[in-house]
Amino acid sequence: MTMEVAPGVFRFQVPVPFKLGHVNLYLVDTGNGFILVDTGVATAEAARCVHETFKQVGIDYSEIAGIVVTHFHADHAGQAARVQQLSRAPIYMGKPDADYVHEFFRDGPPPDLDECLASHGVPARLATAFREVLPALGRLMIPFAADVAPATGDRLGGGRTLIGVLTPGHTPGHLCVLLQEEGILFAGDHILPHITPHIGLYSSADPNPLGNYLSSLEAVLRIAPRRILPAHGPPLEDPERRVRELLEHHRQRLDRMVAATHPPGSTAWEVSRVVFGGDLDLVERWLAFFESLAHLEHLVLEGTLRRVRDNSRTIYLSH
Ligand SMILES: [Zn+2]
């Protein structure tokens, strides 16, 4: 169902094959073409859904002036290539994510993943299962390259003032978009109403995603948007309150991580079992592990924990 959530801003929901159920896509009528924010997964069902919505709103692909991909995850980036092929519009993406996409489609998942998982205590059987999840996610995306990699403050196309706001954390190059006059922030997965966005450490090229995420939340407090339109769930009418809740959530989680690293120290895997419990499915286990790693590394960088190599294991312990 398509809803006009603000004047000239249309939200529609595209189904995704994950627990989340759907992703919100937004069409912004700029008076000089439409900007599409996010694209959905690359399934026939999602393609049909986008097609039907365009028909309902009464726009032709040729009227798309720009495609914003907030980050490289399949539910956001999956159909970017398809929409671009039909519209010839530029794809806007934060530079680190644009680079990541380029490397992912060229080289596949990083080769040092197995060694990383083993050193952090992930059982071999689960590491193999994790590895098998990745190609399935890749299949939900059509390969593409971003045309324009905006920095914070860059104006995106169209006739209304839409500016890019880089918000690294959920991914290294996560991009929000601010509709300046109205104070509306299209937040992608940076700020969500019902769940806390996943913050995981996946690459040595981005050693402190949690630190980046907390800074990106502070950046949103400074922008002080009046409304947030997220990629999952309903609009947020009190952005400041939600941002403060997210900051507090991570503060508490950091405390629990410290408490879970009693002497003689624990691996990131062991910490994730203590903090998140054992009753999780495979994907949840995976997310819990990378989320724990992001918190532990943040604590190391801020000097609260030490990371020690113990034979082939990496363990964390408090001073
Ligand atoms: Zn995401």
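Below: a short report on this structure. All figures in this text were calculated on a predicted structure; none of them were measured in a lab.

## Topic: the nonpolar core
If you look at the biggest cluster of nonpolar residues, it comprises 44 residues, and the most contacted ones within it are Leu117, Val122, Leu185, Ile191, Leu217 and Phe289. In terms of residue count, helix α10 (residues 282-301) provides more of this core than any other element does, 8 residues in total. Look past the residues within four positions of Val122 in its chain and what remains in contact with it is Leu117, Ala127, Phe130, Trp269 and Phe289.

## Points about helix α3 (residues 80-87)
Within an α-helix, residues lying three or four positions from one another point in the same direction, as the helix has 3.6 residues per turn. Of all 8 residues that make up α3, 6 are buried, and the element is covered over most of its length. Turning to α3, its buried residues number three or more, namely Ala80, Ala81, Arg82, Val83, Gln84 and Ser87. Looking at the buried positions of α3, the neighbouring elements they touch are β4 (34-37), α1 (44-57), β5 (64-68), α2 (74-77) and β6 (91-92).

## Brief notes about the pairing of β5
Most of β5 sits inside the fold, with 4 of its 5 residues counted as buried. As paired elements, β4 and β5 share 4 bridges and run parallel to each other. Following the sheet pairing, Val37 is matched in β5 by Val68. Each parallel crossover has a hand, and for β4 linked through α1 to β5 it is right-handed. The pairing of β5 with β6 spans 2 bridges and is classified as parallel. Counted as the bridge partner of Val68 is Tyr92 from β6.

## A word on the coordination of the zinc ion
Those donors, His71 (NE2), His73 (ND1), His170 (NE2) and Asp189 (OD), are the protein atoms that reach the zinc ion, and they lie 2.2 to 2.3 Å from it. You can call His73 partly exposed: its relative accessible area is 25%.

## Structural notes on the sheet that holds β5
Strand order in the open sheet formed by 6 strands is β1-β2-β3-β4-β5-β6, and the pairing between neighbours is mixed. Looking along the sheet, the strands with just one partner apiece sit at the ends: β1 (3-6) and β6. Sheet topology note: the strand β3 (residues 22-29)/β4 ladder contains 4 bridges and is antiparallel. Considered in β4, the bridge of Leu27 is made with Leu36. Of the strands in this sheet, β2 (9-15), β3, β4 and β5 are in contact with α1, which crosses β2 at around 155 degrees. This element, α3, spans β4, β5 and β6 of the sheet and lies at about 165 degrees to β5.

## Comments concerning the side chain of Thr53
Structurally, the position occupied by Thr53 is in helix α1. The class of Thr53 is buried, set by a relative accessible area of 6%. A polar contact is formed between the side chain of Thr53 and the backbone oxygen of Cys49, at a distance of 2.8 Å. The contact partners of Thr53, leaving out residues within four places of it in the chain, are Thr2 and Phe12.

## Things to note about the environment of Tyr92
Assignment of secondary structure puts Tyr92 in strand β6. Look at Tyr92 and you get buried, because its relative accessible area is 8%. In contact with Tyr92, not counting residues within four places along its chain, are Gly66, Ile67, Val68, Val69, Val148, Pro150, Leu156, Gly157 and Leu175.

## Digging into the packing of aromatic side chains
Per the stated rule, a full pass over the model turns up 12 aromatic pairs. Geometrically, the ring pair formed by Phe105 and Phe144 is edge-to-face, given 6.2 Å between the ring centres and 65 degrees between the ring planes. Of this pair, Phe105 sits in helix α4 (residues 95-107) while Phe144 sits in the loop between α6 (124-138) and β7 (162-166), placing them 39 residues apart in sequence. Measuring from ring centre to ring centre gives 4.3 Å for Tyr202 and Phe290, while their planes differ by 25 degrees; the resulting arrangement is stacked. In this pair, Tyr202 is assigned in the loop between β9 (184-188) and α7 (209-223) and Phe290 in helix α10, connecting sequence segments 88 residues apart. Look at Tyr202 and you get partly exposed, because its relative accessible area is 37%. Counting every residue linked through ring pairs, the aromatic cluster contains Phe130, Tyr202, Trp269, Trp286, Phe289 and Phe290. A cation sits over an aromatic face here: Arg285 above Trp269, 5.1 Å from the ring centre.

Calculation criteria
- Residues numbered from 1 in each chain as written.
- Predicted model: local features only at pLDDT ≥ 70, side-chain atom pairs only at ≥ 80, totals over all residues.
- Heavy atoms only, no water.
- Core = buried A, V, L, I, M, F, W, Y, C linked by side-chain atoms within 4.5 Å.
- Buried < 20%, exposed > 50% of the residue type's maximum accessible area, 1.4 Å probe, protein only.
- Helix = DSSP H or I, 4+ residues; strand = E, 2+ residues; numbered from the N terminus.
- Contact = heavy atoms within 4.5 Å.
- Pairing = 2+ DSSP bridges.
- Right-handed = clockwise from strand over helix to strand, strands pointing away.
- Donors = N, O, S within 2.8 Å, 3.2 Å for Na, K, Ca; no water.
- Axes fitted to C-alpha atoms, helices over the stretch in contact; angles between N-to-C directions.
- Polar contact = N/O pair within 3.5 Å; in protein donor to acceptor, adjacent residues only side chain to side chain.
- Phe/Tyr/Trp six-rings, centres within 6.5 Å; stacked < 30°, edge-to-face > 60°.
- Lys NZ or Arg CZ within 6 Å of the ring centre and 35° of its normal.

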